[in-house]
Structure formats: C-alpha cells, structure tokens
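Residue-level structure breakdown
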Amino acid sequence: MYQLQVRAANMWDGFLMWGNFSHEVAVQTNMTAPSGFPSSIRATPLDPFSFRIEWQPVPISQQHGPITGYKLTYWLQSTGIQLGSISCNSSQQTAVIKGLTPWTLFLVTLEAENSKGFGPKSDFFSVKTLPMGKIFSCLVK
C-alpha cells in the first residue's frame, strides 16, 4: 500500500511557484505471483530414509502479496525422475521428506505461492540420504 500526495507548480517571472499538497490518498497495486523464491535453503539428511529442508521466506519486496504456502519438489538425481512434491502452509519453514532410499542423491526445488500463483522455483540443490548402518558381528570364544 502506498500513500500519495501531489502538488502543482507554475513558472512566474522565472521562478517556480509551488502550490499546496493535496490530501493524502492510499493506493494499492494489484497482486502478482511472487517474483522470488525462498532464501537460505538448507538440506540435511536425517537417516537412511529421510532428509529435512529448511528455508527463510521470500524477501518481502518479491512476495507481491501474502505468501499462502510453499511447494517442495524432489527428483532422483541419477535419472531425473520426479519422485514427488509436498505442500507446506505459509507458517512452515521446514519440511521432512520420508520413505527414501538409503545412500541416494536427490535434487530438490522450493517455490512460494500467493493468491495469484506460484513464483519461480529455486535453483536445484542436492541432498544425499545416509547409508545403512554397518552390521557388526562378534565372535565369542
């Protein structure tokens, strides 16, 4: 929302003569989809079957209206096959993806949404799930 005032001027005898300011008027621009994506995105493997994504909101100047949610999409890096996507509400800044394959590299993107649609996807970032734990055997003598 913007507050605007205007005033006119005339030239008189080589001098600029300013009039009074008008009354203040509130003006709001139309909303558009976000022009930016969430920032400070971090991916952390939690175990062999899951990872967590954390982020900061889209900068205010790029939101173009209240953010209503986020969409996280993930792919298998080795094949480029999209495995799924999850939606998060606007108050969330973290998500956990579960049911994955151990010791596997995934590509992830994140995008924000407002009432006019989705903004651009973030750059791809990668995360690798942890390996399965080693099985140790003991010999008892």
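As shown above, the structure is provided for reference.
Owing to the predicted nature of the structure, the values given are computational and were not obtained by experimental measurement. (Residues numbered from 1 in each chain as written. Predicted model: local features only at pLDDT ≥ 70, side-chain atom pairs only at ≥ 80, totals over all residues. Heavy atoms only, no water.)

This brings us to the pairing of strand β2 (residues 9-12). Taken together, the 4 bridges between β2 and strand β3 (residues 15-18) define a ladder with antiparallel strand orientation. Across the sheet, residue tryptophan 12 finds its bridge partner in β3, namely phenylalanine 15. Hairpin geometry of β2 and β3 is characterised by an intervening segment of 2 residues between the two adjacent antiparallel strands and by a positive phi of about 60° at aspartate 13. (Pairing = 2+ DSSP bridges. Helix = DSSP H or I, 4+ residues; strand = E, 2+ residues; numbered from the N terminus.)

Looking now at the packing of aromatic side chains. Throughout the structure, instances matching the rule amount to 3 aromatic pairs. Ring geometry for phenylalanine 51 and phenylalanine 106: centres 5.9 Å apart, planes at 45°, overall tilted. Here phenylalanine 51, found in strand β6 (residues 50-56), pairs with phenylalanine 106, found in strand β10 (residues 105-114); they are 55 residues apart in sequence, far enough to count as distant. Given the relative accessible area of 0%, phenylalanine 51 is considered buried. (Phe/Tyr/Trp six-rings, centres within 6.5 Å; stacked < 30°, edge-to-face > 60°. Buried < 20%, exposed > 50% of the residue type's maximum accessible area, 1.4 Å probe, protein only.)

This brings us to the environment of isoleucine 60. One can find isoleucine 60 in the loop between β6 and β7 (69-76). Since its relative accessible area comes to 71%, isoleucine 60 is described here as exposed. In the structure, isoleucine 60 is positioned 24 residues away from glycine 36 in sequence and 9.4 Å away in space, judged by C-alpha atoms.

So far we have only geometry, and geometry alone does not tell us how the molecule works.
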